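Observations on the model geometry
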Amino acid sequence: MNVLIIGSGGREHALAWKVAQSPHLTKLYVAPGNAGTAACGENVSLDMNDHSEVVRFCKEKQIGLVIVGPEMPLADGLADSLSEGGVRCFGPKQAAAQIEASKVFAKNFMARHRIPTARFATFDKVKDAIGYLEKLDYPIVIKASGLAAGKGVTLPDTLDEAKTTLESMLVNGAFGKAGNEVIIEERLNGQEVSLMAFTDGETIVPMLPAQDHKRLLDSDNGPNTGGMGGYAPAPIFTAKLMDEAAEKILKPAVCGLRLEGTPFVGVLYAGLILTSKGLRVLEFNCRFGDPETQAVLPLLETDLLDIAEACVDETLKDVKVRWKNSAAVCVVLASKGYPEKVESGKSVKFEHLPANVICFHAGTKMHKDQILTAGGRVFGLTAWGDDIESAVKQVYANIDKISFEGMQYRKDIAKNGLYKRTFHGLTE
């Protein structure tokens with residue numbers, strides 16, 4: 001089977017690396033890909049906004065399955081266009097992708113289906129939003145409803161900061177159309193867990209729970225980023241919590257979307273927080289997480305193509321998804337200035353890595369047979385071992401084998417997974 005992967009980041013390199021291991025694969029294409037995906041298949045230049053061009057390419061190359069990595073093409077309806085063109089797509093159609101593309105839709109959806117989440121209200125007029133703010137007596141989060149490249153969430157500490165944020169979104173258009181509607185919600189406290197699940201619109205198969213590190217600097221300091229590393233499985237997320245998440249969050253979400261006439265096919269990502277009052281949903285995403293995917297996929301034993309095909313064909317219940325009895329840790333190597341700005345065009349030097357360590361490319365490009373940096377998050381270095389401690393030791397022991405000018409990374413990835421935690425009386 002010929003396969004096309006859409007995207008260019010570390011998540012897409014991890015997908016390409018995993019798909020390339022399948023005995024069912026004939027030819028792999030990645031659009032547009034990066035310097036890492038070029039080693040797994042053929043990078044191709046396609047305009048993702050021109051759906052007819054993508055469909056045309058799939059027909060010409062006899063693509064049997066398209067796997068969409070990023071959220072934007074799904075929110076724009078690429079899966080719909082592919083389906084209409086007779087091309088199978090692993091990823092939800094536009095209506096179901098609203099679960100990520102519109103936070104207002106997602107919050108109202110959760111309320112309709114009694115999925116536990118923070119208290120919230122939605123607004124499109126700044127006067128109404130400020131009036132609501134002045135009545136609150138708890139810390140809040142302000143979110144742009146639409147897709148804002150991970151930058152649409154603000155945690156104001158004072159009423160004045162909150163008012164300024166609302167004015168920047170609703171009056172000054174700080175996030176364009178993405179900020180035409182905003183959500184003001186209760187700020188929750190607790191550890192966050194990323195729980196992704198495969199689904200064919202009815203059957204749900206959760207992946208290993210992972211924990212991401214959003215802040216740029218050690219000890220969760222510095223600005224928010226797209227993610228500076230992650231690890232799986234997260235010890236704090238016990239089997240009991242997994243069952244609770246499946247029954248109270250994943251199943252109601254997938255069932256609710258189906259009942260509303262928008263069945264979800266692909267990967268449903270639940271961003272969870274473990275509060276003193278129980279599990280709550282911070283957000284839903286309509287695709288694989290990044291960098292969680294770089295930690296989770298190396299632990300997957302089952303052929304990813306078998307799973308993806310079963311999701312598209314609505315036969316996921318017939319697939320036994322197996323995982324290695326191991327742990328994996330991914331450390332993001334970012335360029336100087338990230339996340340505010342990006343210094344690109346720096347040459348990269350590599351040394352040989354051991355068999356249980358892989359370097360996933362996120363922001364790289366080829367220039368005259370040389371690999372150069374081309375993004376804020378340049379690489380995700382992933383190692384796996386018998387447990388989190390051994391994976392942590394392996395990943396940090398090999399970081400010096402990759403270097404480029406201005407490289408920065410966190411030195412405490414997976415720290416929370418290295419010692420016992422108690423949550424609701426459960427100790428891991």
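Description of the structure in this document. Just so it is clear, the structure is predicted and the values come from calculations on it, not from any experiment.

Describing the environment of Glu 181
Counting through the fold element by element, Glu 181 comes out in the loop between helix H8 (159–170) and strand S9 (182–186). When the C-alpha atoms of Glu 181 and Ser 145 are compared, they prove to be 5.5 Å apart, with 36 residues separating the residues in sequence. The contact partners of Glu 181, leaving out residues within four places of it in the chain, are Val 104, Phe 123, Asp 124, Lys 143, Ala 144, Ser 145 and Leu 170.

Side note on helix H12 (residues 388–397)
Listed in full, the buried residues belonging to H12 are Ile 388, Ala 391, Val 392 and Val 395. The buried residues of H12 occupy an angular sector of 100° when the element is viewed end-on, so they sit on one face. Turned more than 90 degrees from where H12 packs its buried face, Lys 393 and Ala 397 sit exposed. Buried-residue contacts for H12 involve strand S15 (229–232), strand S18 (327–334) and strand S23 (377–385).

A look at the sheet that holds strand S3 (residues 42–43)
The strands making up a sheet associate through backbone hydrogen bonding, with each pair oriented either parallel or antiparallel. Reading across from one edge, S3-S2-S1-S4-S5 is the order of the 5 strands in this open sheet, with parallel pairing throughout. Pairing within the sheet leaves two strands with one partner each, and these edge strands are S3 and strand S5 (89–90). The pairing of strand S1 (residues 2–7) with strand S2 (residues 27–32) spans 6 bridges and is classified as parallel. Directly across from Ile 6, in S2, lies its bridge partner Ala 31.

Some thoughts on the state of the cysteines
On inspection of all chains with the given rule, the structure shows 0 disulfides. Distance from the sulfur of Cys 311, which forms no disulfide, to the nearest cysteine sulfur (Cys 89) is 12 Å. Given a relative accessible area of 0%, Cys 311 falls into the buried group. For the unlinked cysteine Cys 330, the closest cysteine sulfur is that of Cys 359, found at 9.1 Å. For Cys 330, a relative accessible area of 0% puts it in the buried group.

Calculation notes
- Residues numbered from 1 in each chain as written.
- Predicted model: local features only at pLDDT ≥ 70, side-chain atom pairs only at ≥ 80, totals over all residues.
- Heavy atoms only, no water.
- Helix = DSSP H or I, 4+ residues; strand = E, 2+ residues; numbered from the N terminus.
- Contact = heavy atoms within 4.5 Å.
- Buried < 20%, exposed > 50% of the residue type's maximum accessible area, 1.4 Å probe, protein only.
- Arc of directions from axis to C-beta.
- Pairing = 2+ DSSP bridges.
- Disulfide = S-S within 2.5 Å.

Nothing here speaks to function; it is all geometry.
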